[in-house]
2 protein chains.
Amino acid sequence: MDVAQILLDLAIILFATKFLGILMKKIGLPQVVGAVVAGLLIGPAIWGKFGWWSPIRPTEESSFFFNGLAEIGVIMILFSAGLETDFRELKSSGLKATLIALAGVAVPMALGFLVAVPFMGGFSALKDGTVALEAVFIGVILTATSVGITVETLKEMGKLKGKVGTTILSAAIIDDVIGIIVLSVVLGFKDPSSNPWKTLLMTALFFVAAIAVGILIHLLFKWLAKRYPHKRRVPIFGLVLCFVYAFVAEKVFSIADITGAYIAGVTLCNLKQTEYIDQKIDVNSYMIFSPVFFANIGITASFDGFTVSLFLFGLAFVAVGIIGKIIGCGAVARMCRFSNRESLQVGAGMIARGEVALVVCRKGIQGGLFNGTAINPLVPVIMLVILSSLLAPILLKLLFKGDKSGALPLTPIGENGETAALSVESAPTETAAEAPDGQASQA
Amino acid sequence: MDVAQILLDLAIILFATKFLGILMKKIGLPQVVGAVVAGLLIGPAIWGKFGWWSPIRPTEESSFFFNGLAEIGVIMILFSAGLETDFRELKSSGLKATLIALAGVAVPMALGFLVAVPFMGGFSALKDGTVALEAVFIGVILTATSVGITVETLKEMGKLKGKVGTTILSAAIIDDVIGIIVLSVVLGFKDPSSNPWKTLLMTALFFVAAIAVGILIHLLFKWLAKRYPHKRRVPIFGLVLCFVYAFVAEKVFSIADITGAYIAGVTLCNLKQTEYIDQKIDVNSYMIFSPVFFANIGITASFDGFTVSLFLFGLAFVAVGIIGKIIGCGAVARMCRFSNRESLQVGAGMIARGEVALVVCRKGIQGGLFNGTAINPLVPVIMLVILSSLLAPILLKLLFKGDKSGALPLTPIGENGETAALSVESAPTETAAEAPDGQASQA
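Participant: Help me understand the overall build of chain A in this model?
Facilitator: A count of helices and strands for chain A gives 19 helices and 0 strands. Within chain A, the proportion of its 443 residues that are buried is 60%. Summarising the internal contacts of chain A: among those between residues at least 6 apart in sequence, 81% fall at separations of at least 24. As displayed, chain A offers around 17000 Å² of accessible surface, 69% of which is attributable to carbon and sulfur atoms.

Rendered as structure tokens:
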């Protein structure tokens, strides 16, 4: 193993993501966009097409290593999001978020299916069960929102704790769950060994188990944090819990590991040392893991096998992926008495796709779909991830411009002043942003 | 790649190292010992001998990943050691401390070499260049002092700021520098085809280049830290520098990457934001990378070929490691007009070994030394770390019993109070210690 090369690659990734992140911030874009663009510029995705040299030339070994770091990065982002979940707030936005998430799954899924059909030989070709399943699967890929980028953007603007932010976060988490259930069910038709009812049962069981065990663990950490305040063992054991939950979710309950990480974070939220844990996770995240994750999206992007037909499909796929979320989530938000602007904010906040879309796509291909089809969804998914990641923060920034309402806490300050204070403090601690920390955030 | 399994392995490593680290601290041993022992207990080193199950069963993939994390851990440990070098303090206690450090490197190195020879086939076997190099390397492992435990003991007795305490602290820092230079030169010879003069030249060139470029970089960071105090870019660019130096040292100058990391740290020491950089590196180090490194030593340890001969060698190795420091440092201290008692105190204060000895040992094994030799120094080094860590505080307490003189400061407090205060503060921030941080260390 060429460790020295990995160190140099890491140095290049950290420098490029930070440098482009700062540049992006200067022109009013969130730093995560800079990190993804940095990945495109330092990796072979663009230069490789011309046979040119690029600073990062992934080998099988280095890809393996950086994929691992990136996965830990995703886990940390979701764990951190879980830690920052305010349970009391989530409870109050529960029903609305569920309805929004349901629409955000159904509409893009239907549109994705409809867009896939013409590229797969038209409706007559759907008599072949496999083709029909593949068309449905194209829709499935569009279901899962990637909260990472949206969370970063909202945090950067200090809107994460507002009504819209909380709704987006809750809905995105719920649509992850729904998306994974849908994925399991669809894949269940392909693979006769996996029973869709069993999948549904396991998902339900995971949440029941997580709540039951979570209460005990919450009490355990309450004691630990009180007995050993500001001791290293508190965030370390917190991270241990996060990794264990991620593993158990993936291996025991066949749910995405990131769902486990998020639930681990929720388990430890609303503790006196929650912010302390979050800070330590945050430092790890922004110093190494998170830049590697975002850069890796750009570095591993490939434009090979890119026919005109696939490109046209990709454009349609991206378009319905983005429009489907805005229409689906926005319309339901409007029905739930959000204002027009807030409804658009919610819709725009749900368009970003990321690691889950890639994972879902890969799972489909691994499951035997898209063998010898003209449409391999990998490149379109990468297009979607890049474009939606670029578009989400731009749209959010536009839609929040001059908007003061998002910063208001859902509950009156008088009743819940502590929560409001927390949101103000936690605002500058986002993963990739260039915020002053240290003394200030320790206050 | 089985990411979920890697997450579980990480959780097991983090939990076990922290848990055993806390236990070890309770019985007066450094936490690194707990981390290595944790690795032995969770890995296959012991249980595998009986064909039993162990929590961590490394696969080719997971070994690859964890070796990468461990290497980053080592880099961070050495970078942090470099950052904590206090140039001003070194200057003030300079000459005596330098002489003591030199003797503390030379004597244990010579004794280690002499003790290794009989176990390697006697002096006649040294005609084989590799065997000779291995014998020298046994000596090199004995050079680096770990002040952590000594500092804690002296602080507890109120003797840290005294003449003896200051001298020990400075000498320990200087012997890190000397040890790194010696290590670089010796590792440069590991390739039998390499020209010894070229190796020496490259090592010298590296240090010249590092100093020349280092001055510019120091000024650049001085500007950066002043312009953007407590901004994330400062520690991130610091880490970038560290990784680049490590890469350049290894690939351009054929010196160990840890040398580069250490020098990168020295380049950034004595800046206004040095402590801030060190804190962020420290959080990354103790949350993930450093536990993985120490646990990995235990996990990858092998007791195959653990013979009576190796055990005897281990005892001799530990003995000369301890006696060599007491004699070497003590004698030179006596020559520098320390009293008999003070000289013994200085000698006893230098015997403790810790993470750097483990790092150096692993570096040698990675570099291809001790392949198929009867003597694998890993177990002896672990013995040395444990025994010297236990012995150092006992000896110091005995030697300081009833001693009132040590409490007097070497320089008047009025002149140098700030530096002394800094050394007290930075003392407990070693890599694996369970120190309350947060508010306290931010002061």
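Participant: Could you clarify how one ought to interpret the side chain of R362(B) in this entry?
Facilitator: By the element assignment, R362(B) lies in helix α16 (residues 355–366). Those residues within four positions of R362(B) in sequence are excluded, and the remaining contacts are N67(B), A70(B), E71(B), F293(B), N296(B) and I297(B).

Participant: Looking at this structure, how should I read helix α12 (residues 257–267) of chain B?
Facilitator: Residue pairs spaced three or four apart in an α-helix point in one direction, given the helix's 3.6 residues per turn. Most of α12(B) is tucked away, with 11 of its 11 residues classed as buried. Every buried residue belonging to α12(B) is among D257(B), I258(B), T259(B), G260(B), A261(B), Y262(B), I263(B), A264(B), G265(B), V266(B) and T267(B), and all of these are buried.

Participant: Please clarify how helix α10 (residues 196–227) of chain B should be interpreted in this entry.
Facilitator: Residue and element names in this part refer to chain B. The end-to-end C-alpha distance of α10, which contains 32 residues, comes to 45 Å, matching closely the 46 Å that a straight helix rising 1.5 Å per residue would cover. G214 marks where α10 bends most, by close to 30°. Buried residues of α10: T199, T203, F206, F207, A210, G214, I217, F221, L224 and A225, and no others. Looking at the buried positions of α10, the neighbouring elements they touch are α9 (163–188), α11 (233–251) and α12.

Participant: Would you explain the nonpolar core in this entry?
Facilitator: Taken as a class, soluble globular proteins show a tendency for nonpolar side chains to be buried jointly. Judged by nonpolar contacts, the single largest core of 284 residues is most densely connected at L69(A), F243(A), I288(A), L69(B), F137(B), F243(B) and I288(B). Contacts of I288(B), omitting those with residues within four sequence positions, involve M76(A), L239(A), N284(A), F289(A), L10(B), L14(B) and L69(B). Of all hydrophobic cores here, the second largest spans 5 residues; its members include A45(A), A301(A), I382(A) and I386(A).

Participant: Explanation requested: the pattern of salt bridges in the structure shown.
Facilitator: When the charged atoms of two side chains with opposite charge come close together, those side chains can pair. Overall, the coordinates contain 10 salt bridges over all chains when judged by the stated rule. Between R232(B) and D282(A) there is a salt bridge, with the nearest N and O atoms lying 3.2 Å from each other. Placement of R232(B) in the loop between α10 and α11 and of D282(A) in helix α13 (residues 274–299) is noted, with the two residues assigned to different chains. As far as the burial class goes, R232(B) and D282(A) line up, both buried. Across the pair K325(B) and D175(B) runs a salt bridge whose closest N-O atoms are separated by 2.9 Å. Remark: D175(B) occurs in helix α9 and K325(B) occurs in helix α14 (residues 308–335); sequence separation between them is 150 residues. Residue classification places K325(B) among the buried positions, given a relative accessible area of 0%. What emerges from the salt-bridge pattern is a single network uniting E71(B), D257(B), R362(B) and K363(B).

Participant: What's the story with the packing of helix α6 (residues 94–119) of chain B against α9(B) in this structure? I'm lost.
Facilitator: Each packed pair of helices is defined by two parameters, the angle between the axes and the distance between the axes. Residue and element names in this part refer to chain B. Interaxial distance between α6 and α9 falls to 8 Å at its minimum, and their mutual angle equals 50°. Taken as axis vectors, α6 and α9 run oblique relative to one another. With respect to the hand of their crossing, α6 and α9 are arranged in right-handed fashion. Within the contact between the two elements, α6 uses G94, A97, T98, I100, A101, L102, V105 and M109 and α9 uses T167, S170, A171, I174, D175, I178 and V182.

Participant: Can you walk me through a nonpolar patch on the surface in this structure?
Facilitator: Residues and elements named next belong to chain B. Where nonpolar side chains cluster on the molecular surface, the patch consists of F306, V308, F311, L312 and L315 and spans about 460 Å² of accessible area. Mapping F306 onto the fold places it in the loop between α13 (274–300) and α14. Note on F306: relative accessible area 36%, which makes it partly exposed.

Participant: Can you help me understand a negative patch on the surface in this one?
Facilitator: Side chains of E60(A), E61(A), E60(B) and E61(B) sit close together on the surface and give a patch of like negative charge. Secondary structure elements with two or more residues in the negative patch: α4 (60–83) of chain A together with α4 (60–83) of chain B. Relative to the elements of secondary structure, E60(B) occurs in helix α4.

Participant: Whenever I open this one, the environment of T130(A) confuses me. Can you help?
Facilitator: All names here are of chain A. Mapping T130 onto the fold places it in helix α7 (residues 129–141). Classification of T130 by relative accessible area gives partly exposed; the value is 32%. Taking the C-alpha atoms as reference points, T130 and G368, 238 residues apart in sequence, are found 9.9 Å from one another.

Participant: I'm lost on the confidence of the model for chain A in this one. Help?
Facilitator: Regions with low pLDDT carry predicted coordinates that are not meant to be interpreted in detail. Residues and elements named next belong to chain A. For chain A, mean pLDDT is 81; residues scoring 70 or higher make up 81% of the total. Across residues 406–443 the pLDDT falls below 50, and counting only partners more than four positions away or on other chains, this stretch makes 81 contacts in the model. In the predicted assembly, ipTM is 0.81 and pTM is 0.79.

Participant: Even after reading the chapter, I still don't get the packing of helix α7 (residues 129–141) of chain B against α9(B), so can you show me in this structure?
Facilitator: Residue and element names in this part refer to chain B. Across the interface, α7 lies against α9 with an axial gap of 10 Å and an inter-helix angle of 165°. When the axis of α7 is compared with that of α9, the two are roughly antiparallel. The hand of the α7/α9 crossing is left-handed. Residues L133, V136, F137 and V140 of α7 form the contact with α9, whose own contacting residues are V182, L183, V186 and L187.

Participant: Explain the environment of T267(B) to me, please; I cannot follow it from the model alone.
Facilitator: Residue and element names in this part refer to chain B. Note that T267 resides in helix α12. Judged by its relative accessible area of 8%, T267 is buried. A sequence separation of 185 residues divides T267 from G82, and the C-alpha atoms of the two residues are 7.9 Å apart. Among all residues touching T267, those that are not within four sequence positions of it are G214, I217, H218 and Y245.

Participant: I tried to follow unusual backbone geometry on my own but got confused; where do I start?
Facilitator: A negative phi holds for most residues other than glycine; trans holds for most peptide bonds. Even without being a glycine, R337(A) presents a positive backbone phi close to 70°. Within the fold, R337(A) resides in the loop between α14 (308–335) and α15 (340–349).

Definitions and limits used
Residues numbered from 1 in each chain as written. Chains lettered and ligands numbered in written order. Predicted model: local features only at pLDDT ≥ 70, side-chain atom pairs only at ≥ 80, totals over all residues. Heavy atoms only, no water. Helix = DSSP H or I, 4+ residues; strand = E, 2+ residues; numbered from the N terminus. Buried < 20%, exposed > 50% of the residue type's maximum accessible area, 1.4 Å probe, protein only. Contact = heavy atoms within 4.5 Å. Areas by Shrake-Rupley, 256 points an atom, 1.4 Å probe, with all protein chains shown as cover. Expected span 1.5 Å × (residues − 1). Bend = angle between axes of the 7 residues up to and from the residue. Core = buried A, V, L, I, M, F, W, Y, C linked by side-chain atoms within 4.5 Å. Salt bridge = Lys/Arg side-chain N within 4 Å of Asp/Glu carboxyl O. Axes fitted to C-alpha atoms, helices over the stretch in contact; angles between N-to-C directions. Parallel < 35°, antiparallel > 145°, perpendicular 65-115°, else oblique. Left-handed = near helix turned anticlockwise from the far one by under 90°. Patch = residues over 30% accessible without salt bridge, like charges linked within 9 Å, V, L, I, M, F, W, Y side chains within 5 Å. Lys, Arg positive; Asp, Glu negative; His and termini not counted. Charge placed at Lys NZ, Arg CZ, Asp CG, Glu CD. pLDDT = per-residue confidence, 0-100.

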